[in-house]
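Descriptive structure summary
The lines below spell out each chain.
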Amino acid sequence: MQRSFEEVRSKLALALDVDDLVVATRLARQLGTYFSTIKVGLELFCATGPESVGALSNLGYDLFLDVKLHDIPTTVQKASKVLGGLGARYITLHAFGGVEMLRAGVEGLSEGAAEAGATPPTALAVTILTSDGGAPEHILPARLDLALRAGCGGYVCAASDLVVAKRLAPDLFGVVAGIRPVGAERHDQTRAATPQEAYDNGADLMVIGRAVTGAADPVAAAEAIFTSLVIGNS
Ligand code: C5P
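A brief report on the enclosed structure follows. Keep in mind it's a predicted model, so treat the numbers as computed, not measured.

Looking at helix α7 (residues 139-150)
Side chains of residues three or four places apart in an α-helix project in the same direction, reflecting 3.6 residues per turn. The end-to-end C-alpha distance of α7, which contains twelve residues, comes to 16 Å, matching closely the 16 Å that a straight helix rising 1.5 Å per residue would cover. Residues of α7 that are buried in the fold lie against β4 (90-94), α6 (99-116), β5 (122-126), β6 (154-157) and α8 (162-168). After α7 finishes, the residue G151 shows a positive phi value of roughly 85 degrees.

Topic: the site of the ligand
In the vicinity of the ligand lie 15 residues, with D17, K39, T130, Q189 and R210 positioned nearest. Side-chain polar atom of D17 to an oxygen atom of the ligand: 2.6 Å apart, as the coordinates give it. Between the ligand and K39 there is a distance of 2.6 Å, counted from an oxygen atom to a side-chain nitrogen or oxygen. Contact with the protein chains removes 89% of the 470 Å² of surface that the ligand exposes when unbound. Elements with a contribution of two residues or more to the shell around the ligand: β3 (62-69) and β8 (205-208).

Focus on unusual backbone geometry
Even without a glycine there, the phi angle at K68 is positive, about 45 degrees. For K68, a relative accessible area of 30% puts it in the partly exposed group. Phi is positive for H187, which is not a glycine, with a value near 55 degrees. Checked against the element boundaries, H187 lands in the loop between β7 (173-176) and α9 (195-200).

Cut-offs used in this document
For every chain, the first residue of its written sequence is number 1, and the numbers climb from 1 along that sequence. Only residues with pLDDT of at least 70 are given local features in this predicted model, and only at 80 or more are side-chain atom pairs given and counted; all residues enter the totals for whole chains, interfaces and linings. As a rule here, side-chain values come from all non-hydrogen atoms in the structure, and water together with hydrogens is ignored. Put simply, DSSP H or I for four residues or longer makes a helix, DSSP E for two residues or longer makes a strand, and each gets a number counted from the N terminus. Given the number of residues in a helix, its expected span is that number minus one, multiplied by 1.5 Å. Whether two residues are in contact is decided by their heavy atoms, any of which lying within 4.5 Å being enough. Nearness is defined per residue: one heavy atom within 4 Å of the molecule or strand is enough. Any pair of nitrogen or oxygen atoms within 3.5 Å is treated as a polar contact; in protein, a donor-acceptor pairing is required on top of that, and neighbouring residues in sequence qualify only through side-chain atoms on both sides. Areas reported as accessible are Shrake-Rupley estimates using a 1.4 Å probe. Residue values count occlusion only from the protein chains shown. Classification of residues uses two cut-offs on accessible area relative to the type maximum, computed with a 1.4 Å probe and protein chains only: under 20% is buried, over 50% is exposed, and between them is partly exposed.

And the structure:
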């Protein structure tokens, strides 16, 4: 069954894993047809700070700030308060930090947003990195439980974790990273899945980075992934 362009676009986030706002802005301008959301990761945020959040939001994207906070609860609360006022729609915290840390992050984001008159970002708990192929089976349910108890609005996981995650936390927003079209280079993603697998498993948002940004022609690579999802083929 063919899906609508807007339905597919609403589920696609472009990971702009570059350390240069000029390069990031150029890619963002080229790829808006296919992606509703821009993910600012550690390189870009370390290089440019909050400026990248404002600049890329101004292009009309939802902003996903992927900083995976992981520290003592007080520090995470204070950092989250700063980040909560920037206007991002999603912000990541590492579930490995425990329930008190996650809760502190959720509270900090709300406080920061309230002070700035902004909508609070959705706190996403990173469950298990998609580069981590060795996590025992009990880790995913345990980290989802932390996310639920802390009041996070969603989580990040691998596509293969989604079936369990959707059963255990049906009301949370499920973000999938480690997406690779069939035959694409996997890089450091040991638990990669195709866009179609992630979609079929119920991903609410799919993060795509190097499969597009590392391609010789990023627009053609994005178009191919997008079209495959609209048609419903891998
Ligand atoms: O290039 P690629 O599509 O592998 O991009 C993956 C992006 O998703 C990176 O920015 C990485 O930090 C992020 N990420 C991940 N695995 C997670 C959470 C986030 O790869 N579990």
